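Remarks on the overall topology
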Amino acid sequence: MSQVKGDSMHLRNRAMDWGRAGGVGLILSALVSTAATGAEGASRESLAHAETLRNRALTGTSAMTIVTSLTTEVGPRLAGSDAEARARAWALRTLTAKGFAGVRSEPFEMDAWQRHDEGAEIIAPYPQPLAVTALGGSVPTPETGLLGTVAVFETLEDLKRAPAGSVTGRIAYVGHAMQRTQDGSSYGYFNEARTAGPSIAASKGAMGYLIRSVGTDSHRFPHTGSLRYQEGIPRIPAMALSNPDADQIERIAADKSDVRMRMWVDSSERPAAQSGNVIAEITGREAPEEIVVIGAHLDSWDLGTGAIDDGAGVGITMAALELIKDAGLAPRRTIRLVLWGAEEVGLLGAQAYRKQHEAALAQHVIGSESDFGGGRVWKLTADSQTEEGDALFLEIANLLAPMGIAPGSDDQPGGGPDLYPLIAAGVPTLRMHQDGRDYFDLHHTADDTVDKLDAAALDQNVAAFAVFAWLVADSDVTFRAAAP
Ligand SMILES: [Zn+2]
């Protein structure tokens, strides 16, 4: 039980004190205290390299150039599409040119959804067009569209409570009151209206489904995103209205007028389409079989060019790997960059990775994905299960503190959506919490483009990823509790 963590809150509070005070002497005192518990932690030399990497990153990295290249030369890259294949070709080319080891694509097959045409309009009482987009995975409507009256529900909960058959032959609309938050935590709750809503509406008899976009902006950009049809329930077409258009529907409905509308979707599914994960590495000098995973997802939705979701993550993590390589540093363990395919449509790349690397997962030391836009990191958490893991986490936190990053007490597993299949297999994670107050203004919209990103904020992220990946990979610290 000595490996199992003790009072991590206490340790983290101490880290915050150290962060404020700063200085090498305090880092050394951290080393002394870890030595006293028998853990090796990071060597003085390794910490010095980490500090150099951090400082170098803050003077400018390749992150912005990488995102700009991906979003310009490939653009939108929907999972399983030819565009996503071009993104893999772009990644292989770019990673090879940067001189990384083990550059390869690991393909897998999937059913690829395609959007062809879409639209909606109010027929009565006030005829006018609406800004809408189909949810990813939506079945098509008949060619002439669906014509019907709208049943308005303020929340998904209201729809769930509606009696069976109460919306038969109608288009169910669900609103919400999602607010912007720094950590984006409200998304998990509100996006159920998008993912689960269509089947709930169909189970009550609805012929079509409409939501207020799961977003926080007030622009006429509808937000797409995946839905999940439930087995055994009719699949109905589903769309998202931009926030101002959702306001319009609610205003008319509040007037007690029946809103009569038409919506149309043309979409199709391509079975056995190709996707893949793209990998590049810096090979470990002593324990190459031990893997520290960083990365981002390569696919995007089809409306914008996927700059904040998740071109930013691709730029940040690729630039971090490049920074370490260009410093001529060879860590003890392997640092592996994984650019996951088909994240948006259900973490398909992450699931394929888990299957393809099943035998090696016990040697995956820790993972962290960057998938929350390009905002600055403000908090750092990890689900370390060991004292030595906690101690190394504090050394990382101490080096990141001057950039405004504080260690948090939340040690729930996380570290990015593509890590969930790995978490289920026991891989520990570290999470760089980015400021996401404007993330859901742009998320999954046509407005997700590279002009929204700030190079200096990306560089701050690169510094954090480089310090983390380098320090863990250059150590022999384990974050997993020993098997009982
Ligand atoms: Zn994403």
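Check the entry above for the structure.
Summarised in this report is the structure supplied together with it. Nothing here was measured: the structure is a model prediction, and the numbers come from that model. (Residues numbered from 1 in each chain as written. Predicted model: local features only at pLDDT ≥ 70, side-chain atom pairs only at ≥ 80, totals over all residues.)

**Focus on the overall build of the protein**
Quick reminder of the rule: Labels follow the DSSP assignment, with helices taken as runs of H or I lasting at least four residues and strands as runs of E lasting at least two, numbered in each case from the N terminus. The size measure is the radius of gyration over C-alpha atoms, and the globule rule it meets is 2.2 Å times the number of residues to the 0.38 power. Counting other C-beta atoms within 10 Å of a residue's C-beta gives its exposure: the residue is buried at 20 or more, exposed at 12 or fewer, and partly exposed in between, where C-beta atoms are placed from the backbone. The contact criterion used is a C-beta to C-beta distance within 7 Å, with each C-beta placed from the backbone.
Scanning the protein for helices and strands turns up 16 helices and 14 strands. The globule rule puts the C-alpha radius of gyration for 484 residues at 23 Å, and the 24 Å found for the protein is close to it. Considering only C-alpha atoms, the protein reaches an extent of 75 × 45 × 45 Å along its principal axes. When each of the 484 residues of the protein is scored for burial, the buried share is 55%. If you take every contact in the protein between residues at least 6 apart in sequence, the share linking residues at least 24 apart comes to 84%.

**Points about the sheet that holds strand 12 (residues 377-382)**
Two orientations exist for strands paired in a sheet by backbone hydrogen bonds: parallel and antiparallel. This is how the line gets drawn: By definition, two strands form a pair when at least two bridges between them are found by DSSP. The angle between two axes is taken between their N-to-C directions and runs from 0 to 180 degrees, where each axis is a line fitted to C-alpha atoms and a helix contributes only its stretch in contact.
The strand order 13-12-14 describes an open sheet built from three strands, whose pairing is mixed. With partners counted over all chains shown, the strands left at the sheet margins are strand 13 (406-407) and strand 14 (430-434), one partner each. Here five bridges tie strand 12 to strand 14, and the two strands are oriented antiparallel to one another. Bridging across to strand 14, threonine 381 finds its partner in arginine 431. This element, helix 16 (residues 455-473), spans strand 12 and strand 14 of the sheet and lies at about 170 degrees to strand 14.

**Structural notes on the nonpolar core**
Spelled out, the test is: Put simply, a nonpolar core is buried Ala, Val, Leu, Ile, Met, Phe, Trp, Tyr and Cys residues tied into one set by C-beta atoms within 7 Å. Where each domain starts and ends follows an automatic or database-derived domain assignment.
Counting 136 residues, the largest nonpolar core has Ala172, Ala320, Ile324, Val462, Ala466, Val467 and Ala469 as the members making the most contacts within it. Broken down by element, the residue count for this core peaks at 14 residues, all from helix 16. Lining this core are residues from two domains, each supplying at least three of them: domain 1 (8-111 + 272-473) and domain 2 (126-258). Those residues in contact with isoleucine 324 that lie beyond four places of it in its chain are Leu53, Ile282, Leu329, Ile335, Ala466, Ala469 and Trp470.

**With respect to unusual backbone geometry**
It is generally the case that most residues other than glycine have a negative phi and that most peptide bonds are trans. Here the bond from alanine 124 into proline 125 is cis, since omega is 10 degrees, no more than 30 degrees from zero. The step from aspartate 309 to aspartate 310 runs through a cis peptide bond, and the omega angle for that step is 5 degrees. Turning to its location among the elements, aspartate 310 is positioned in helix 11 (residues 307-326). Notably, alanine 342 is not glycine yet its phi reads approximately 50 degrees, a positive angle.

**What to know about the packing of helix 13 (residues 387-400) against helix 16**
Quick reminder of the rule: Here is the rule for angles: anything less than 35 degrees is roughly parallel, anything more than 145 is roughly antiparallel, 65 through 115 is roughly perpendicular, and the remaining ranges are oblique. Crossing handedness: left-handed means the near helix sits turned counterclockwise from the far one by under a right angle, and right-handed means the same turn made clockwise. Three categories are distinguished: nonpolar for Ala, Val, Leu, Ile, Met, Phe, Trp, Tyr, Cys and Pro, charged for Asp, Glu, Lys and Arg, and polar for the others, with Gly belonging to the last.
Their axes nearest at 10 Å, the elements helix 13 and helix 16 cross at an angle of 150 degrees. Relative to helix 16, the element helix 13 is oriented roughly antiparallel. Crossing handedness for the pair helix 13 and helix 16: right-handed. Two secondary-structure elements touch here, helix 13 through Leu392, Glu395, Ile396, Leu399 and Leu400 and helix 16 through Ala464, Val467, Phe468, Leu471 and Val472. For the contact of helix 13 with helix 16, a count of residues per class yields nine nonpolar, no polar and one charged.

**Considerations on the pairing of strand 6 (residues 208-212)**
Of all five residues that make up strand 6, five are buried, and the element is covered over most of its length. Side chains of strand 6 alternate between two faces, with Gly208, Leu210 and Arg212 and Tyr209 and Ile211 buried alike. Bridge analysis of strand 5 (residues 171-174) against strand 6 gives four bridges, and the strand direction is parallel. Across the sheet, tyrosine 173 pairs through a bridge with leucine 210, a residue of strand 6. Of the strand pairs in this sheet, strand 6 and strand 7 (residues 238-241) are connected by four bridges, and their pairing is parallel. Directly across from arginine 212, in strand 7, lies its bridge partner leucine 241.

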